[in-house]
Amino acid sequence: MTQINGAGLTLDVAFQNESVDDLLNTIKLPDDFKSFREQLMQGTYLNQTEQRQVVHCLERAASVEGERAAGREKFNNMVHQLRGGEWLGATGKRITAVVNVGVGGSDLGPNMGAFALKEFDDGHLEGEHALDVHFVSSMDGGQLYAVLPIIDPETTVFIVASKSFGTIDTFANIDTVRAWVKQHFSEQDWLEHHVIGVSSNQQKMLDYGIPLPHQLPFDEGVGGRFSLWSPIGLSIALSCGLHTFERMLAGARAMDEHFATAPDHENIPVLMALFGVYNREQLGINNLAVLPYDGRLRMLPNYLQQLDMESNGKQATADNRAIDYATGPIIWGGFGPNGQHAFFQHLHQGFDPFAADFVLVLERDAPGFSHQVADKLAEQQQLSVANCLAHRQLMKFGDTNTESPRDHYPGGHPSNLLMMQQLTPETFGALIAAYEHKVFTQGIYWQLNSFDQPGVEKGKKCAIDILAALNSNDAPQFDASTNDIIKKARNGH
Ligand SMILES: O=P(O)(O)OC[C@H]1O[C@](O)(CO)[C@@H](O)[C@@H]1O
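Definitions and limits used
Residues numbered from 1 in each chain as written. Predicted model: local features only at pLDDT ≥ 70, side-chain atom pairs only at ≥ 80, totals over all residues. Near = placed C-beta within 6 Å. Nonpolar A, V, L, I, M, F, W, Y, C, P; charged D, E, K, R; others polar. Domains from an automatic or database assignment. Core = buried A, V, L, I, M, F, W, Y, C linked by C-beta atoms within 7 Å. Buried ≥ 20, exposed ≤ 12 C-beta atoms within 10 Å, placed from the backbone. Helix = DSSP H or I, 4+ residues; strand = E, 2+ residues; numbered from the N terminus. Contact = placed C-beta atoms within 7 Å. UniProt positions renumbered as here; feature names shortened; annotations may be inferred.

Chemist: Sorry if this is basic, but what is going on with the site of the ligand here?
Modeler: Around the ligand lies a shell of 15 residues, among which Gly104, Gly105, Ser164, Thr167 and Gly224 are the nearest. Of the residues contributing to the shell around the ligand, the split by class is two nonpolar, 10 polar and three charged.

Structure, rendered in structure tokens:
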């Protein structure tokens, strides 16, 4: 059987280079995998280097207790107040727009979810109004140039989304906003009426001046790249409604259940993980192209880049031994139908090996459109399905029945096909959770701590040194190229 079902998803592995049986005989999960998986479900201290629990599965549990329950209630109330029009700005006006200021996991998941699930917003049934939700992440202020001119400070709330509440990118952006609002009202008014803090560091939120009622603290054990289920997902709930957000959590829970209980040969994340290991180890393929064939999922490759590469791009085991085998691959990709007109040429006839994940939505409803338009849209969805299947076939089987090298398509590239009948908040949640568990399973196989990111931290430290050199008059002490550029950048300033 090449199709595996779970939590509303189907994984078709017919175009991998091994059968499921042979795969399970070749790539063996360690004996303690099941114990690790149980620990993940229970939220134990799996992130040992940072001495933190790993609680993203608890975060989306059906019923929660204690601080987590109180946090959920506060989150829900905030969503109702903002979407229901009760939350008023400093000048008494109703809030119409929200800007999520965050980066990495505090941006990628919320941004992807808010975009993918927008059409499922049914808040109007309860008298809620849709909010315009914007995302600002880049440290160069690039998005602020576009967003500030189109928002009204009197009717906009800013979410400062940062687990650590110390990421320089986020504070560069929010500090610019802080300077911008001063033209309109006092800083105190802005902080009291227009800012929400979402972080696991409550003290830092207080220090920044965010009043307690507008703070959404969350557990330190929620990793940044696993955090869209936590209060970091506020912008999803504000954009798509609480009901949609809860449906997304339910879908992820269904995948948790599937991952925790399905036998290996019928377990979607386990098979995704093991085929990934097989392609890496046995076929020497160092990259995975993620190719969603539904526009609502176009941010998926970017999201998975962080989830997978920040988790498993490592050269030391969890207990700090040097690794001499390949670990997580390079994740890349793009929206499939448009990729066909961009990078697919290389995939079909270039020299480089790759594996691919096609993500396919078989049907799409078109509520709110006339029959005529709905029929045309349904035809377009079919067009997309046909193209996905066609390119998947060509990548696998190629076409070499000709003497002409120009018409020679080598094929041989293994792929997964992840399908869902419809994209819903539930299947979306299940899809993301499936990838989380795939990454977790591979991390256990490669003996990694998938929950820390020392390479990222090191890069941040290097940047602090360079920034200090940029802001100083002393001769910079780096390599010749860097020293030269620092001097030019100083002059430019
Ligand atoms: O939410 P924070 O603490 O601002 O961090 C943002 C991102 O920065 C990282 O630490 C990497 O720089 C990610 O792991 C994280 O998602």
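Resuming the write-up.
Chemist: It is not clear to me how the domain arrangement of the chain should be interpreted in this structure. Could you clarify?
Modeler: Accessible area lost upon the coming together of the parts serves often as the stated size of an interface. The assigned domain composition of the chain is domain 1 (3-30 + 262-446), domain 2 (56-243) and domain 3 (456-492). Placing a centre on the C-alpha atoms of domain 1 and another on those of domain 3 gives a separation of 40 Å.

Chemist: I keep staring at the nonpolar core and nothing clicks. Help me out?
Modeler: Most often, soluble globular proteins keep nonpolar side chains buried together rather than apart. With 112 residues, the main nonpolar core has Leu9, Phe158, Ile159, Leu271 and Ala434 as its most contacted residues. No other element matches helix H17 (residues 425-445), which puts 11 residues into this core. Taken domain by domain, this core gets at least three of its residues from each of domain 1 (3-30 + 262-446) and domain 2 (56-243). Other than its neighbours up to four places away in sequence, Leu271 contacts Ile4, Leu11, Val13 and Val20.

Chemist: What is the right way to read the UniProt feature "active site" (unreviewed entry) in the chain from this model?
Modeler: Per the UniProt record, "active site" (unreviewed entry) is annotated on Glu310, His341 and Lys460. These residues run over 151 residues, and the two farthest C-alpha atoms among them are 36.2 Å apart, placing them at more than one spot. Tracing the backbone through its elements, the reader meets Glu310 in helix H13 (residues 300-312). Residue classification places Glu310 among the buried residues on the basis of 22 C-beta atoms within 10 Å. Residues within four places of Glu310 in sequence aside, it is in contact with Arg225, Gln453 and Val456. In this fold, His341 is placed in the loop between helix H14 (336-339) and helix H15 (344-349).

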